[in-house]
Amino acid sequence: FVVSGLKTGETYVFRVQAINELGLSDESQESAPLTVRAALTTPSAPYDIALLNCDGRSMVLNWKKPLQSGGAEIKEYYADKRRSGTSMWREIHIPPVTERLYKVEGLTEGAVYQFHVYAANLAGLGPASKHSDDFKCEAWTMPEPGPAYDLTFCEVRDNSLVVEWQKPVYAGSEPITGYHVEYAKKGTSDWKTANEKTVSHRFLKVTGLEVGTCYLFRVRAVNAAGVGMASMPSDPVTAKAVEGSQEVSCTVDEKSGDIVLSFESCQMNEGSRFIWKKNYKEITDFSKGVEIKTEGSQSKLIFKNADKEDAGTYSVSVARTNGVSSSYTISTEELEKMLALSYDIRHPIIPLKSELAYKILERGRMRFWLQAEEISSKVTYKFFANNKELSGADPNKMGHDVSTGIIEFIMDHFTEENEGTFTCQITDGGGKAQSSLVLIGDAFKAALAEADFQRREYIRVKEGPHFSEFLSLHVGDDCSVTLVCKVANLKKESEFHWYKDDTEIIPDVKPDLSSGVCKLPIKE
């Protein structure tokens, strides 16, 4: 059944019911969605056949693709030749060629030839192009370069545009060192040079154009011998921005730290696709963490692992639109700032209220501690001494307090071997922090002395007999002299020994173990 009245570009689904004398059946299952497309036609003719090189036996030709594709992709080209002044065309190649650059072999040196080209798509073979100019089969020997070819345009704005081209097939006697771009208003021959200084790359942004004015462009290559032949003039292009066109934006994703170039197309048609380029060469290598993500009319170029080599001009164009395109230049300076921001996002720093410090506890134990602004219950941390990780196992201790943000490490025995740098490294989710404390020289000696004193005091006070009153001299009313001290934590087996100049003295008075008082009377 032929369904009429459908609109081109609209998508439809269909279903069917059967009917007999008793009535209608149930509906069938729906069809898959079908988009109505215009009927295919053959493409229009190619045009502007150009000669790019000749060696006296062959010629390299180029031509422009048809202005109308016929609704399908152009797959093939056919070319014919004839001697100038004759009417008989002869096929050049079987099978057809797929590129618009072809080397015609088997020509006669000194003969003059004409060529025409056909394009073909799924609907068939289109009409022949207008025949080329007369091309004489003479070897090119000039020292200057031959013509560039395939001029294309993007980023057309009211006062500027970007022109791209392909390098000449014939380089001349010396390597090509640069290019000049020339332009003229349509209908005039007043060609102006857009860049007085040559560019080494094959693209140029031409500025200073008049809005709404139509221009033609051509390109000349340059080598040490001089300026080469001009390319065939481009198709006319009008300096006028596409209505609703937008520009590429560049940001650093706040969550992932990825560098992202984004573009929103103001036009989308069937078959439209985004083409991203770096320095106007299509990006095809995605091995370094570059991704392209497209949803609807928006496309993003994402750098997962950006580095300094990623500076450059990035452009995007949208196929099957009226020239929708834009670009963004990432300078070395901007890239450095974005890389730093990306690093900070991917490696956030946990803010600290206080840096790593120490406090000497009883028994001479050393407490290293710091305080973070905030930590979670999933926080992890490590302590290091002179780059060697410290163990939190007994007798050392390590811990944290989520409510206060304090993280600590208690070293049970602080000795001369511990002189150096102490470091604490913290990880909490994606955040990290590090703080160090240097204990060397006088600072270390002071800490060690204090630790030793506290260790001795603990032993003296907490762990056995110790002097609660140190040795003192008492003179009685009768002029008697007695040395007196008092000792705590005495045991039954405790013994006292008196010495004078390292010679032991045995006193007449025994110590009072119950009170801990011990006396040494000194006679006369």
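Residues numbered from 1 in each chain as written. Predicted model: local features only at pLDDT ≥ 70, side-chain atom pairs only at ≥ 80, totals over all residues. Heavy atoms only, no water.

*Asks:* Would you mind showing me how to read the side chain of Asn62 here?
*Replies:* Secondary-structure assignment places Asn62 in strand β6 (residues 59-64). Residue Asn62 is classed as buried on the basis of its relative accessible area of 4%. Separated by 2.7 Å, the side chain of Asn62 and the backbone oxygen of Arg100 make a polar contact. With sequence-adjacent residues up to four places away left out, Asn62 is seen in contact with Asp48, Ile49, Ala50, Leu52, Arg100, Leu101, Tyr149 and Asp150. (Helix = DSSP H or I, 4+ residues; strand = E, 2+ residues; numbered from the N terminus. Buried < 20%, exposed > 50% of the residue type's maximum accessible area, 1.4 Å probe, protein only. Polar contact = N/O pair within 3.5 Å; in protein donor to acceptor, adjacent residues only side chain to side chain. Contact = heavy atoms within 4.5 Å.)

*Asks:* Quick question: what am I supposed to make of the nonpolar core here?
*Replies:* Counting 27 residues, the largest nonpolar core has Phe368, Phe383, Phe414, Phe422 and Ile426 as its most contacted members. Mapped onto this core, the elements with two or more residues apiece are β29 (352-360), β30 (366-372), β31 (380-385), β34 (406-411), β35 (420-428), β36 (431-439) and α2 (441-462). Residue contacts for Phe414: discarding those within four places in its chain leaves Gly364, Met366, Phe368, Phe422, Leu439, Phe444, Ala447, Leu448, Ala451 and Arg455. Judged by nonpolar contacts, the second largest core, of 23 residues, contains Ala79, Val97, Phe115 and Trp140. (Core = buried A, V, L, I, M, F, W, Y, C linked by side-chain atoms within 4.5 Å.)

*Asks:* Before we go on, may I ask you to explain the sheet that holds strand β13 (residues 149-154) in this structure?
*Replies:* Two strands in a sheet stick together by hydrogen bonds in their backbones, pointing the same way (parallel) or opposite ways (antiparallel). Sheet architecture is open: three strands sit in the order β13-β14-β17, paired in antiparallel fashion. Whereas interior strands pair on both sides, the edge strands pair on one side only; in this sheet they are β13 and β17 (203-207). Going from strand to strand, the sheet's axes swing by 25 degrees on average, the running direction of each strand aside. (Pairing = 2+ DSSP bridges. Axes fitted to C-alpha atoms, helices over the stretch in contact; angles between N-to-C directions.)

*Asks:* Got a minute to help me understand α2 in this structure?
*Replies:* Owing to its 3.6 residues per turn, the α-helix aligns residues three or four sequence positions apart on the same side. Between its first and last C-alpha atoms α2 spans 31 Å; for 22 residues at 1.5 Å apiece the expected length is 32 Å, and the two agree. Looking at α2, one finds that the buried residues are Phe444, Ala447, Leu448, Ala451, Arg455 and Tyr458. Axial view of α2: buried residues confined to an arc of 100 degrees, hence all on one face. Exposed and facing more than 90 degrees away from the buried side of α2 are Asp442, Lys445 and Arg456. Lining the buried residues of α2 we find β29, β30 and β36. (Expected span 1.5 Å × (residues − 1). Arc of directions from axis to C-beta.)

*Asks:* Where do I start with the sheet that holds strand β32 (residues 388-389) in this structure?
*Replies:* Read across the open sheet, the four strands follow the order β32-β31-β35-β36; overall the sheet is antiparallel. The open sheet is flanked by β32 and β36, the only strands paired with a single partner.

*Asks:* How do you make sense of the UniProt feature "domain: Fibronectin type-III" (unreviewed entry) in the protein chain when you look at a structure like this?
*Replies:* In the UniProt entry, the feature "domain: Fibronectin type-III" (unreviewed entry) is given for residues 1-39, 45-144 and 147-244. This span, residues 45-144, is 0% helix and 42% strand, and a straight line between its end C-alpha atoms measures 32 Å. Structurally, residues 147-244 comprises 0% helix and 48% strand, and the distance from its first C-alpha atom to its last is 36 Å. (UniProt positions renumbered as here; feature names shortened; annotations may be inferred.)

*Asks:* Looking at this model, I keep getting lost on the environment of Ser468. Mind explaining?
*Replies:* One can find Ser468 in strand β37 (residues 466-475). Considered as a pair, Ser468 and Asn489 are 21 residues apart in the sequence and their alpha carbons are 9.3 Å apart. When near neighbours in sequence (up to four residues on either side) are disregarded, Ser468 contacts Lys486, Val487 and Ala488.

*Asks:* Looking at this structure, how should I read the side chain of Ser494?
*Replies:* Position of Ser494 relative to the elements: it lies in the loop between β38 (481-488) and β39 (498-500). The exposure class assigned to Ser494 is buried, which follows from its relative accessible area of 18%. Looking at Ser494, its side chain comes within polar contact range of the main-chain nitrogen of Lys491, at 2.8 Å. Apart from the residues within four sequence positions on either side, Ser494 is in contact with Pro465 and Leu513.

*Asks:* Looking at this model, I keep getting lost on the pattern of salt bridges. Mind explaining?
*Replies:* Taken as a whole and judged by the stated rule, the model has 17 salt bridges. In this structure, a network of salt bridges that share partners links the residues Asp48, Lys64 and Asp235. (Salt bridge = Lys/Arg side-chain N within 4 Å of Asp/Glu carboxyl O.)

*Asks:* Before we go on, may I ask you to explain a nonpolar patch on the surface in this structure?
*Replies:* A surface patch of nonpolar side chains, about 520 Å² in accessible area, is lined by Phe1, Val3, Leu6, Phe14 and Leu34. For Val3, the position within the fold is in the segment before β1 (11-12). In this structure Val3 comes out as partly exposed when scored by relative accessible area, which is 38%. (Patch = residues over 30% accessible without salt bridge, like charges linked within 9 Å, V, L, I, M, F, W, Y side chains within 5 Å. Areas by Shrake-Rupley, 256 points an atom, 1.4 Å probe, with all protein chains shown as cover.)

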